[in-house]
Amino acid sequence: MGLLVEGEALPPEELTKSLNFIREHGITQFLCTWNRVKDIKDDELRFGDEIECGIFVVDYNNKTVKIALRGAELRQHLIEKEHLFAHESEGCTWHPEFGAWMIESTPSKPYTNYVCDLLRVERNMALRRRRLFAMLAENEIAPTVTCFPLLGVGDFIYNS
């Protein structure tokens, strides 16, 4: 898991040229991180989770499901709305995901090694789902999926 930022994918030819660089720097980054943290003792455990959702449009009349390329738009609205809830103890952070039809959410604060934080996990997951569902159009759904089985098959993108 790493930080995903918005950008454009490299064409396969360019990516192939960069593979050795990516491998070498990935190993170098891992070793640098390992050397930096290997001697840390009694550090407080902090953890989080992520929910990845696909945004789909359901056409009940034609019995079809298509991807909706609204991930960036929804994410922007959710980020703006999140400022309204900044005073609350639980919050959400919204991130880009691999496809324009996807959105990812994480808790705004990490969980710690206290038992009470175990109770926060499910509550925060439910909060993120509610906030996302409140932004969807009537014919949209957002299941927790990482792929779309019909991706690339026929007419699979919803055009509004």
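Criteria and thresholds
- Residues numbered from 1 in each chain as written.
- Predicted model: local features only at pLDDT ≥ 70, side-chain atom pairs only at ≥ 80, totals over all residues.
- Heavy atoms only, no water.
- Pairing = 2+ DSSP bridges.
- Helix = DSSP H or I, 4+ residues; strand = E, 2+ residues; numbered from the N terminus.
- Axes fitted to C-alpha atoms, helices over the stretch in contact; angles between N-to-C directions.
- Contact = heavy atoms within 4.5 Å.
- Salt bridge = Lys/Arg side-chain N within 4 Å of Asp/Glu carboxyl O.
- Buried < 20%, exposed > 50% of the residue type's maximum accessible area, 1.4 Å probe, protein only.
- Patch = residues over 30% accessible without salt bridge, like charges linked within 9 Å, V, L, I, M, F, W, Y side chains within 5 Å.
- Areas by Shrake-Rupley, 256 points an atom, 1.4 Å probe, with all protein chains shown as cover.

S.K.: Would you take a moment to explain the sheet that holds strand E1 (residues 51-54) for this structure?
M.R.: Two pairing modes exist for strands in a sheet, parallel and antiparallel, and in both the strands are linked by backbone hydrogen bonds. Taken in spatial order, the 3 strands line up as E1-E5-E4 in an open sheet, and their pairing is antiparallel. Two strands lie at the open edges of the sheet, namely E1 and strand E4 (92-95), each paired on one side alone. Each adjacent strand pair in this sheet contributes to an overall mean axis angle of 25°, direction not counted. Pairing analysis gives 4 bridges linking E4 to strand E5 (residues 102-107), with the strands arranged antiparallel. In the sheet register, Cys92 faces E5, and the bridge partner there is Pro107. Of the strands in this sheet, E4 and E5 touch helix H2 (residues 71-82), which is tilted by about 155° from E4.

S.K.: Help me understand the pattern of salt bridges, please; the structure alone is not making it clear to me.
M.R.: Tallying each qualifying case throughout the model produces 10 salt bridges. Linking Arg128 and Asp49 is a salt bridge whose minimum nitrogen-to-oxygen distance equals 2.7 Å. Within this pair, whereas Arg128 is found in helix H3 (residues 115-135), its partner Asp49 is found in the loop between helix H1 (12-37) and E1, the two being separated by 79 residues in sequence. Assessed through its relative accessible area of 1%, Arg128 is described here as buried. Among the residues examined, Asp49 registers a relative accessible area of 16% and is labelled buried. Residue Glu82 is joined to Arg131 by a salt bridge in which the shortest nitrogen-to-oxygen separation is 2.4 Å. Taken together, the residues span a long stretch of sequence, with Glu82 in helix H2 and Arg131 in helix H3 at a distance of 49 residues. We classify Glu82 as buried; its relative accessible area is 11%.

S.K.: Honestly, a nonpolar patch on the surface in this entry has me stumped. Any pointers?
M.R.: Where nonpolar side chains cluster on the molecular surface, the patch consists of Leu10, Leu15, Leu19, Phe21 and Ile22 and spans about 450 Å² of accessible area. Here Leu10 lies in the segment before H1.

S.K.: Is there a simple way to explain the pairing of E4 in this structure?
M.R.: If a strand is regular, its side chains alternate between the two faces of the sheet. Side chains Cys92 and Trp94 of E4 all project onto a buried face; the interleaved residues Thr93 and His95 project onto a face where none is buried. Between E4 and E5, which follow one another and run antiparallel, lie 6 residues.

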